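# Coordinates in review
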Amino acid sequence: MTGTGTGGTGAGVRAADEDRVFAALANATRREVLRLLRDEGPQPVQALADHFAMRRPSLSEHLKVLREAGLVTEQRSGRRRIYRLEAAPLAEVQDWLHPYERFWRERLKGLGELLDRMPDDDRP
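No experiment lies behind these values; they were computed from the predicted model shown.

This part is about the overall build of the protein chain. A tally of regular secondary structure across the protein chain gives five helices and three strands. For the protein chain, the proportion of its 124 residues judged to be buried stands at 24%. Considering only contacts within the protein chain whose residues lie at least 6 apart along the sequence, 42% involve residues at least 24 apart.

Below, the structure is given as structure tokens:
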């Protein structure tokens, strides 16, 4: 992931950015906010809040975490705050996960081949 934090340089900043993104994604409410923004496009806070059984200040805290992780941006329009999904950090998560997907795909392929070689047990 790219380093966009403040202070420090190189790998330390990049690791801190990754930690923020993974911490943000660890919460189900924040993942649901991201899904809503992905599926329904940019939305004001109130439209997002209508999907949750929580007070707006609580949702605002979740939005703050998502903003600090770079997963959403906020645009002010008068008194309204419009939130938009920023997918770049998610692409970086996907890049990080790719070697693990490949690892498990190879393991499952090997398991499938082993199961195909085993005799079928047709006994009742």
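That shown, we press on.
To continue, consider the nonpolar core. In this structure, Val 33, Leu 48, Leu 59, Leu 63, Leu 66, Leu 71 and Tyr 83 are the most contacted members of the largest nonpolar core, which totals 19 residues. Only helix H1 (10–25), helix H2 (28–40), helix H3 (45–49) and helix H4 (56–68) provide two or more residues apiece to this core. The element best represented in this core is H2, accounting for four residues. Sequence-distant contacts of Leu 63, that is, excluding residues within four places in its chain, are made with Val 33, Val 45, Leu 48, Val 72 and Tyr 83.

Scanning the model with the defined rule gives six salt bridges in all. In this structure, Arg 35 engages Glu 32 in a salt bridge whose closest nitrogen and oxygen atoms are separated by 2.7 Å. Here the residue Arg 35 and the residue Glu 32 both occupy positions in helix H2, the gap between them amounting to three residues, near one helical turn. Look at Arg 35 and you get partly exposed, because its relative accessible area is 30%.

With that out of the way, let us pick up the sheet that holds strand E2 (residues 72–77). Strands in a sheet are paired, the pairing made by backbone hydrogen bonds, and the direction either parallel or antiparallel. With respect to topology, three strands assemble into an open sheet ordered E1-E3-E2, the strand pairing being antiparallel. Pairing within the sheet leaves two strands with one partner each, and these edge strands are strand E1 (43–44) and E2. In the sheet, E2 pairs with strand E3 (residues 80–85) via six bridges, with the strands oriented antiparallel. When the sheet's bridge partners are listed, Arg 76 is paired in E3 with Arg 81. Relative to the sheet, H4 contacts E2 and E3, its axis offset from that of E2 by approximately 115°.

How each quantity is defined
Residues numbered from 1 in each chain as written. Predicted model: local features only at pLDDT ≥ 70, side-chain atom pairs only at ≥ 80, totals over all residues. Heavy atoms only, no water. Helix = DSSP H or I, 4+ residues; strand = E, 2+ residues; numbered from the N terminus. Buried < 20%, exposed > 50% of the residue type's maximum accessible area, 1.4 Å probe, protein only. Contact = heavy atoms within 4.5 Å. Core = buried A, V, L, I, M, F, W, Y, C linked by side-chain atoms within 4.5 Å. Salt bridge = Lys/Arg side-chain N within 4 Å of Asp/Glu carboxyl O. Pairing = 2+ DSSP bridges. Axes fitted to C-alpha atoms, helices over the stretch in contact; angles between N-to-C directions.

This is a description of form; function is not addressed.
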